[in-house]
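Residue strings, one per chain:
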Amino acid sequence: LYLKALEIQGFKSFPDKTVLTFGSDITAIVGPNGSGKSNISDAIRWVMGEQSTRVLRGGKMEDVIFGGTAKRKQTGYAEVSLVLDNTNHLFDMDESEVMVTRRYYRSGESEYYINRRSVRLKDVNELFMDTGLGREGYSIIGQGRIDEILSVKSADRREIFEEAAGISRFRHRKEEAERKLERTDENLVRINDKISELE
Ligand code: ATP
């Protein structure tokens, strides 16, 4: 599995459609300060479902949309597509390539696609879960992440090993089921209250 291409349009400092293609070897991105190098890694985080504006180095989600310059009008939406090689079928899909797309409009509307099929954010999260990619993966190592790996807190380190071992998916499902159970318990209490009121 490797990153084949990244298409950016209307995202941060990229108003025009920009396509970056990567080989299976090492790629380094170089450029002067402020030229948009970090915006490229922000785009990768964002398309993989990042929801934290702090992580994306902005104040609100709208800040990811190209905000305009003296010469150019702002754009109405931001769109990023990530193309990943899937010849070894790490992703449970028949296709040899997986394309994930995220679009965000100034109105606040979000759209997600997997191989051009409209999906939910949950589907994008599930696609990346246990692959080491994705929002909680370890494929993007920022400064804070290194601290986490070196952290003395075993719970932090455990999460990284769980992702590598491929069991994050099950932990998430367990947490989801526990939340549902809690809600059901609360509903039961409420119903019992109603019953005793009626009796
Ligand atoms: P450095 O080496 O200093 O870290 P860099 O190459 O990583 O720089 P970035 O931080 O990726 O640079 O890019 C910063 C540039 O992106 C700034 O010029 C900023 O104005 C521009 N930028 C960020 N968000 C937007 C936006 N929404 N619209 C237009 N430009 C933006």
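Everything discussed here concerns the structure shown above.
A brief structural summary. The shown structure was predicted, so the numbers you read here are calculated from the model rather than taken from an experiment.

With respect to the nonpolar core
Formed by 22 residues in total, the largest nonpolar core has its most connected members in Phe11, Ala43, Val47, Val64, Ala78, Val80 and Phe128. Setting aside residues up to four positions removed in sequence, alanine 78 forms contacts with Gly10, Phe11, Val64, Ile65, Phe66 and Tyr104.

Considering the sheet that holds strand S2 (residues 18-21)
Here six strands make up an open sheet; going across it, the order is S2-S1-S3-S4-S5-S6 and the pairing antiparallel. Edge positions in the sheet fall to S2 and strand S6 (117-119), since each has one partner strand and no second. Taking each pair of neighbouring strands and ignoring which way they run, the sheet shows an average axis angle of 20 degrees. Examined bridge by bridge, strand S3 (residues 77-85) and strand S4 (residues 97-105) share nine bridges and lie antiparallel to one another.

Considerations on the pairing of strand S1 (residues 3-9)
Two faces belong to every sheet, and in a regular strand the side chains alternate between them. Both S1 and S3 contribute to a ladder of six bridges, which runs antiparallel. Along S3, the bridge assignment pairs leucine 3 with leucine 84. Relative to S2, S1 runs antiparallel, the two being bridged by four bridges. Across the sheet, alanine 5 pairs through a bridge with threonine 21, a residue of S2.

Concerning the pairing of S4
Examined bridge by bridge, S4 and strand S5 (residues 110-114) share five bridges and lie antiparallel to one another. What sits directly across from valine 100, in S5, is isoleucine 114. Here S4 folds back onto S5 in antiparallel fashion, the turn holding four residues, of which glycine 108 has a positive phi close to 100 degrees.

Section: helix H4 (residues 154-165)
For H4, built from 12 residues, the straight-helix expectation of 16 Å at 1.5 Å per residue is met to within 8% by its first-to-last C-alpha distance of 16 Å. Just downstream of H4, glycine 166 is the residue with a positive phi angle, here 80 degrees.

The rules behind the values
- Counting restarts for each chain, with residues numbered from 1 along the sequence as it is written.
- Only residues with pLDDT of at least 70 get local features here, since the model is predicted, and only at 80 or more are side-chain atom pairs given and counted; chain-wide, interface and lining totals rely on the full set of residues.
- Connectivity within a nonpolar core runs through C-beta atoms within 7 Å, and the core itself is a set of buried Ala, Val, Leu, Ile, Met, Phe, Trp, Tyr and Cys residues.
- With C-beta atoms placed from the backbone, a residue counts as buried when 20 or more other C-beta atoms lie within 10 Å of its own, as exposed when 12 or fewer do, and as partly exposed for counts between those limits.
- C-beta atoms are first placed from the backbone for all residues, and any pair lying within 7 Å is then listed as a contact.
- The criterion for strand pairing is that DSSP finds at least two bridges linking the strands in question.
- Helix and strand assignments come from DSSP, with helices taken as H or I runs of at least 4 residues and strands as E runs of at least 2, each series counted from the N terminus.
- Only the stretch in contact is used when fitting a helix axis, every axis being a line fitted to C-alpha atoms; angles between N-to-C directions are given from 0 to 180 degrees.
- Multiplying one less than the number of residues by 1.5 Å gives the expected span of a helix.

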